[in-house]
Amino acid sequence: MITDTLLADLHSHTTASDGQLTPSQLIARAIEKGVEMFAITDHDTVDGLPEAHMANQAHETPLTLINGCEISTRWNSFDIHIVGLNIDITHAGLLDFLAHQRQLREVRAQEIGERLAKAGIEGAYAGAKAIAGDAALSRGHYARWLADNGHASDMPSVFKKYLARGKTGYVPNNWGDMATAIEQIHQAGGLAVLAHPSGYKLSAKWLKRLVREYAEAGGDAMEVILGQQTLDDRNNLIALSKLNNLLASVGSDFHFPSNWIELGKNLYQPQGVEWVWQSQHWTERT
Ligand code: AMP
Ligand code: MN
Ligand code: MN
Ligand code: MN
C-alpha cells in the first residue's frame, strides 16, 4: 500500500533526453538515495524506460517505477512543460505524438544552430548533436556544448546569455497547446501534471492564470514540491493547486549529479495535501 511517507520523486531525466545518466545509472542512484516511488520523465520520449525497468527488476530492492514523459507545449508564447505519469508506453497514439514532438525539436535545433552561427559561434549544431547521440536535441545539449567550449562558465549563464527566451540562440517555440498534450496523456491512460510551475518566471498574476487555464484544459495535477524552492514558493503552489482542484506532485527534475539537485532530496510531503498517487485513477493504473 502506498502511504504518505513513501519517498516519491516523480520527475527525472536520462540520456534518452538531456539527462546525463543512463537509465540503469539513474535507477541505481535513485535506489541508493532511498527513493521508493520514482518516475522517469524524459523530454518528449519514453525510450529510456525499457532499460530502466530491466535495471530496476535486476536490483535486489527494486523501487516502484512509474512510466512517464515530459511534453513541451506552448501557452501565450511560453514553453510550458506537462509531465504525463502512469502512461502506457506502448500506446500507438502517444508514440506518434512524441515522434512528432521530436521532429519539431530537430527543426528547432537546426535553427538554433543557424542563429548561433550568425552570432559567430560555429559548429554548435554538430557539437550538440554529438553530445545528444541518439537523443532528440534539447537546449540542454546546446548548453553543455556552449559551456564546454568556453562560451559561458556554467549552464545557467549559458541560458542567460544564449538560450533563454529572447536571447541570440532562442527560437520562438512551435509546440502544440496544453489541451492537446493533456489529451494525449489521458488517451495513453496517464495523469497530467503541470511541471515546475514556478520555473517559468511568470508574475504572480500570470502564474495564477496559467494554472487556471491548465486546469480548464483538463490537467489533473501540478508539481508543488520541487527539489529547490523557497517555503513561500511551496506554500503558494500548494494554495494554487487547491484553488484549482488539482492534485499535487513532487519531483526533483534531476538531470545530472550536482551540489544543488539530487534524487529524492528536499521532497517533503506536507500534511493536508492530496497527492497525485492517492487518486483513484492512479491506483487503477499502477
Ligand atoms: P528544451 O526542452 O529543449 O526547450 O530545453 C529545456 C531544458 O533546458 C530544460 O529541461 C533544462 O534541462 C534546461 N534548462 C532550461 N533553462 C535552464 C537554465 N536556466 N539553466 C540550466 N538549464 C536550463
Ligand atoms: Mn531538461
Ligand atoms: Mn521541464
Ligand atoms: Mn524536466
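All values reported here derive from a predicted model rather than from experimental measurement.

Structural notes on the coordination of the manganese ion (ligand 3)
So, point 1. Around the manganese ion (ligand 3), the protein supplies Glu70 (OE), His81 (ND1) and His196 (NE2) as donor atoms, at distances of 2.1 to 2.2 Å.
So, point 2. Expressed as a motif, the donor residue spacing for the manganese ion (ligand 3) is E-x10-H-x114-H.
So, point 3. By relative accessible area, which is 0% here, Glu70 ends up buried.
So, point 4. Classification of His196 as buried rests on a relative accessible area of 16%.

Describing the coordination of the manganese ion (ligand 2)
So, point 1. Here the manganese ion (ligand 2) is held by the protein donor atoms Asp18 (OD), Asp18 (OD), His43 (NE2) and His255 (NE2), which lie 2.1 to 2.7 Å from it.
So, point 2. Given six donor atoms and angles of 53 to 160° at the metal, the environment of the manganese ion (ligand 2) is assigned as irregular.
So, point 3. Positions of the donor residues of the manganese ion (ligand 2) along the chain correspond to the pattern D-x24-H-x211-H.
So, point 4. Taken as a pair, the manganese ion (ligand 2) and the manganese ion (ligand 3) lie 5.6 Å from each other.

Observations regarding the packing of aromatic side chains
So, point 1. Scanning the model with the defined rule gives four aromatic pairs in all.
So, point 2. Considering the side-chain rings of Trp75 and Trp206, the 5.7 Å spacing of their centres and the 70° angle between planes classify their relative orientation as edge-to-face. Taken together, the positions of Trp75 in strand E3 (residues 64–75) and Trp206 in helix H8 (residues 204–216) put the pair 131 residues apart, joining distant regions of the chain.
So, point 3. Taken together through their ring pairs, the aromatic side chains of Trp75, Phe78 and Trp206 make up a single cluster.
So, point 4. Between the NZ or CZ atom of Arg209 and the centre of the ring of Trp206, over which it lies, the distance is 4.6 Å.

Let's talk about the environment of Phe254
So, point 1. Along the polypeptide, Phe254 turns up in the loop between strand E7 (247–251) and helix H10 (280–285).
So, point 2. Judged by its relative accessible area of 0%, Phe254 falls in the buried class.
So, point 3. For the pair Phe254 and Val83, spaced 171 residues apart in the sequence, the C-alpha separation amounts to 14 Å.
So, point 4. Discounting residues that sit within four places of it in the chain, Phe254 has contacts with His11, Ser12, His13, Leu21, Leu26, Arg29, Ile261, Glu262 and Leu263.

Conventions used here
- Residues numbered from 1 in each chain as written.
- Chains lettered and ligands numbered in written order.
- Predicted model: local features only at pLDDT ≥ 70, side-chain atom pairs only at ≥ 80, totals over all residues.
- Heavy atoms only, no water.
- Donors = N, O, S within 2.8 Å, 3.2 Å for Na, K, Ca; no water.
- Buried < 20%, exposed > 50% of the residue type's maximum accessible area, 1.4 Å probe, protein only.
- Tetrahedral: all angles 85-135°; square planar, octahedral: opposite > 155°, others 65-115°.
- Phe/Tyr/Trp six-rings, centres within 6.5 Å; stacked < 30°, edge-to-face > 60°.
- Helix = DSSP H or I, 4+ residues; strand = E, 2+ residues; numbered from the N terminus.
- Lys NZ or Arg CZ within 6 Å of the ring centre and 35° of its normal.
- Contact = heavy atoms within 4.5 Å.

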